[in-house]
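One letter stands for each residue in the lines below.
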Amino acid sequence: MAASNMATGGKKKKHGKETRTQNEEERLEQQHFFRVISAFRHYRTHSMQRLDKAEKCFRQLPLYQQKLLPNHLAHLGELRACVDQNYDFLLNIIKMTENMFENKDYTGNGDVYSDNADVMLSESALPFPREFDMDKVKTTLKQFVRDWSAEGKVERDACYKPIIEEIQQRFPAEQCDPWDLSILVPGAGLGRLAWELARLGYQCQGNEWSFFMLFASNYILNKCEGINSITLHPWIHQFCNNRTSRDQARAVTIPDIDPHSLPQVGNFSMTAGDFLEVYKEQEMWDCVATCYFIDTAHNIVSYVETIHNILKPGGYWINLGPLLYHFADMVNEASIELSYEDLRSVILEFGFEILKEDTKKPTMYIQNTKSMLQYEYDCVYFVARKPLEVANNHTNHSQAV
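All values derive from a computational prediction rather than experimental measurement.

Asks: Would you mind going over the pairing of strand 7 (residues 285–291) with me for this structure?
Replies: Look at any regular strand and the pattern is simple: side chains alternate between the two faces of the sheet. Counted residue by residue, strand 7 has seven buried out of seven residues, so it is predominantly covered. When strand 2 (residues 182–186) meets strand 7, the two strands line up parallel, connected through two bridges. Bridge pairing in strand 7 places Leu184 opposite Val288. Examined bridge by bridge, strand 7 and strand 8 (residues 311–321) share six bridges and lie parallel to one another. In the sheet register, Trp285 faces strand 8, and the bridge partner there is Leu311.

Encoded structure:
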């Protein structure tokens, strides 16, 4: 069976000035779509430029110093081969972006491809990607390690396992049918957490706004066939803190499990779009599970409000993650950065009951296990419940906040 269906968050039809605004939004969305396509498409050129620089620097060394490093050029040659292998994989991903959404076609029926459906447009025909976009492509490769490799199991066990076990504890199989429970995973990334919940029989929907993540998750969930059938080299762009040259070039295979192995019972889907725009219908979900998500907000208070609104009375919000506010240092981007102390107060003000809390839960995020440099977050983990009866002073926050 197909692992997931994907749709964009729909917008209501508008008229007049509102229609022009909607058309402009759609134009910008399509522009962003092709900018991300371009970043994937430019990966090889961008990566080879970095290797060209490394080779040039080496050749500028005095000859006697070059002789001290007899394997250096061979290592750069190996990295070039790794780039090619990564690039072939990335091309396969963007080949699958045509008609990937059930209710929207950004490609204009052929904009990604030339007249020959198997030949993609040249790099020059696409908008030139920003350095930020190229970094996102490299991060996407590392996300595959986190979500869909055996190597990523340590990270998944630290981040996803507590959430999954909490859901099983709150909704024990002997008391309820998982099929009757609806779980939402905003910021689903490459979809592993949502997929694992669907594998347990829950009705689970992942939501993601990043085209980088959506392209990649669409491929791994719907197009990938065979366990460990794909070989990546996700660490080749890390030129510092390598213990050995082999560590930089080492391979990682994905997926560690067949994404098509979901049970026939259960329901798994992915939606594309801004969490605040897509989820407006109130009291629809039994559980919202957020992992490394809430700090992606421009306004984290609106995230709390939306989660409260969409949960059924008695529903649970399970969260794990840091507060590395994504827009904090971005020019011309609004960003509300709260301490956890202040965020906790906001959560309580909306009427949530905090049932469980751990403010120092150690986790890692897309870490190279062979690197000399390791980052670890002391994350906040909490389980909050929306009361069965909401007090009157917590029912009209959309007007007060």
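Having seen the structure, we can now continue with the description.
Asks: Help me understand the pattern of salt bridges, please; the structure alone is not making it clear to me.
Replies: Pairing is possible between side chains that carry opposite charge, provided their charged atoms lie close to one another. Under the counting rule described, the total for this entry stands at 20 salt bridges. The shortest N-O distance in the salt bridge between Arg44 and Asp84 comes to 2.6 Å. With Arg44 in helix 2 (residues 43–59) and Asp84 in helix 4 (residues 72–95), this residue pair connects regions lying 40 residues apart in the sequence. Among the residues examined, Asp84 registers a relative accessible area of 27% and is labelled partly exposed.

Asks: Explain a negative patch on the surface to me, please; I cannot follow it from the model alone.
Replies: A cluster of acidic residues, Glu25, Glu26, Asp274 and Glu277, forms a negative patch on the protein surface. Note on placement: Glu277 falls in helix 10 (residues 275–278).

Asks: Help me out: how do you make sense of helix 12 (residues 340–349) in this one?
Replies: Note: α-helices contain 3.6 residues per turn, so residues at a spacing of three or four share the same orientation. For helix 12, every residue scored as buried is listed here: Tyr340, Leu343, Val346 and Ile347. Relative to the axis of helix 12, the buried residues are bounded by an arc of 115 degrees and lie together on one face. Structural note: helix 12 exposes Glu341 and Glu349 on the side pointing more than 90 degrees away from its buried face. Structurally, helix 12 contributes buried residues whose contacts are with helix 11 (300–310), strand 8, strand 9 (353–363) and strand 10 (377–385). Positive backbone phi, at 105 degrees, marks Gly351, one or two positions downstream of helix 12.

Asks: Would you explain the pairing of strand 3 (residues 203–208) in this entry?
Replies: Burial of strand 3 is extensive: five of the six residues sit out of reach of the surface. Two elements, strand 2 and strand 3, share five bridges in a ladder whose sense is parallel. Counted as the bridge partner of Ile183 is Cys204 from strand 3. For the crossover from strand 2 across helix 7 (residues 192–199) to strand 3, the handedness is right-handed. Sheet topology note: the strand 3/strand 6 (residues 267–272) ladder contains six bridges and is parallel. The residue of strand 6 that forms the bridge with Asn207 is Thr271.

Asks: I tried to follow the side chain of Thr363 on my own but got confused; where do I start?
Replies: The residue Thr363 is located in strand 9 in this model. Look at Thr363 and you get buried, because its relative accessible area is 1%. Leaving out residues up to four positions away in the same chain, Thr363 has contacts with Ala158, Cys159, Tyr292, Leu320, Glu376, Tyr377 and Cys379.

Asks: Would you take a moment to explain unusual backbone geometry for this structure?
Replies: Trans is the common state for peptide bonds, and a negative phi is the common state for residues other than glycine. The omega angle of the peptide bond from Ile254 to Pro255 is -15 degrees, so this bond is cis rather than trans. In this fold, Pro255 is placed in the loop between strand 5 (252–254) and strand 6. Here Asn228, not a glycine, exhibits a phi torsion of approximately 55 degrees, which is positive. Tracing the backbone through its elements, the reader meets Asn228 in the loop between helix 8 (211–222) and strand 4 (230–232). Here the phi dihedral of Asn241 falls at roughly 60 degrees; this positive angle occurs in a residue that is not glycine. Mapping Asn241 onto the fold places it in the loop between strand 4 and helix 9 (245–249).

Asks: Looking at this model, I keep getting lost on the packing of helix 11 against helix 12. Mind explaining?
Replies: Packed helices, taken two at a time, are described by the angle between their axes plus the distance between the axes. Where helix 11 contacts helix 12, the two axes come as close as 10 Å, and the packing angle between them is 30 degrees. With respect to helix 12, the element helix 11 is oriented roughly parallel. Considering the relative orientation of helix 11 and helix 12, their crossing is right-handed. Contacts between helix 11 and helix 12 involve Ile300, Val301 and Val304 from the former and Leu343, Val346 and Ile347 from the latter. Here the contact of helix 11 with helix 12 is composed, by residue class, of six nonpolar, no polar and no charged.

Asks: Hey, could you run me through the packing of helix 6 (residues 153–170) against helix 7 in this one?
Replies: Contact pair helix 6 / helix 7: the axes reach a minimum separation of 11 Å and the direction vectors enclose 35 degrees. Handedness of the crossing formed by helix 6 with helix 7: right-handed. On helix 7, the residues that touch Arg156, Tyr160, Ile163, Ile164 and Ile167 of helix 6 are Arg192, Leu193, Glu196 and Leu197. For the contact of helix 6 with helix 7, a count of residues per class yields six nonpolar, no polar and three charged.

Asks: Where do I start with the environment of Ser245 in this structure?
Replies: On the secondary structure map, Ser245 appears in helix 9. Put simply, Ser245 and His72 are 173 residues apart on the chain and 8.9 Å apart in space, counted from C-alpha to C-alpha.

How each quantity is defined
Residues numbered from 1 in each chain as written. Predicted model: local features only at pLDDT ≥ 70, side-chain atom pairs only at ≥ 80, totals over all residues. Heavy atoms only, no water. Buried < 20%, exposed > 50% of the residue type's maximum accessible area, 1.4 Å probe, protein only. Helix = DSSP H or I, 4+ residues; strand = E, 2+ residues; numbered from the N terminus. Pairing = 2+ DSSP bridges. Salt bridge = Lys/Arg side-chain N within 4 Å of Asp/Glu carboxyl O. Patch = residues over 30% accessible without salt bridge, like charges linked within 9 Å, V, L, I, M, F, W, Y side chains within 5 Å. Areas by Shrake-Rupley, 256 points an atom, 1.4 Å probe, with all protein chains shown as cover. Lys, Arg positive; Asp, Glu negative; His and termini not counted. Charge placed at Lys NZ, Arg CZ, Asp CG, Glu CD. Arc of directions from axis to C-beta. Contact = heavy atoms within 4.5 Å. Right-handed = clockwise from strand over helix to strand, strands pointing away. Axes fitted to C-alpha atoms, helices over the stretch in contact; angles between N-to-C directions. Parallel < 35°, antiparallel > 145°, perpendicular 65-115°, else oblique. Left-handed = near helix turned anticlockwise from the far one by under 90°. Nonpolar A, V, L, I, M, F, W, Y, C, P; charged D, E, K, R; others polar.

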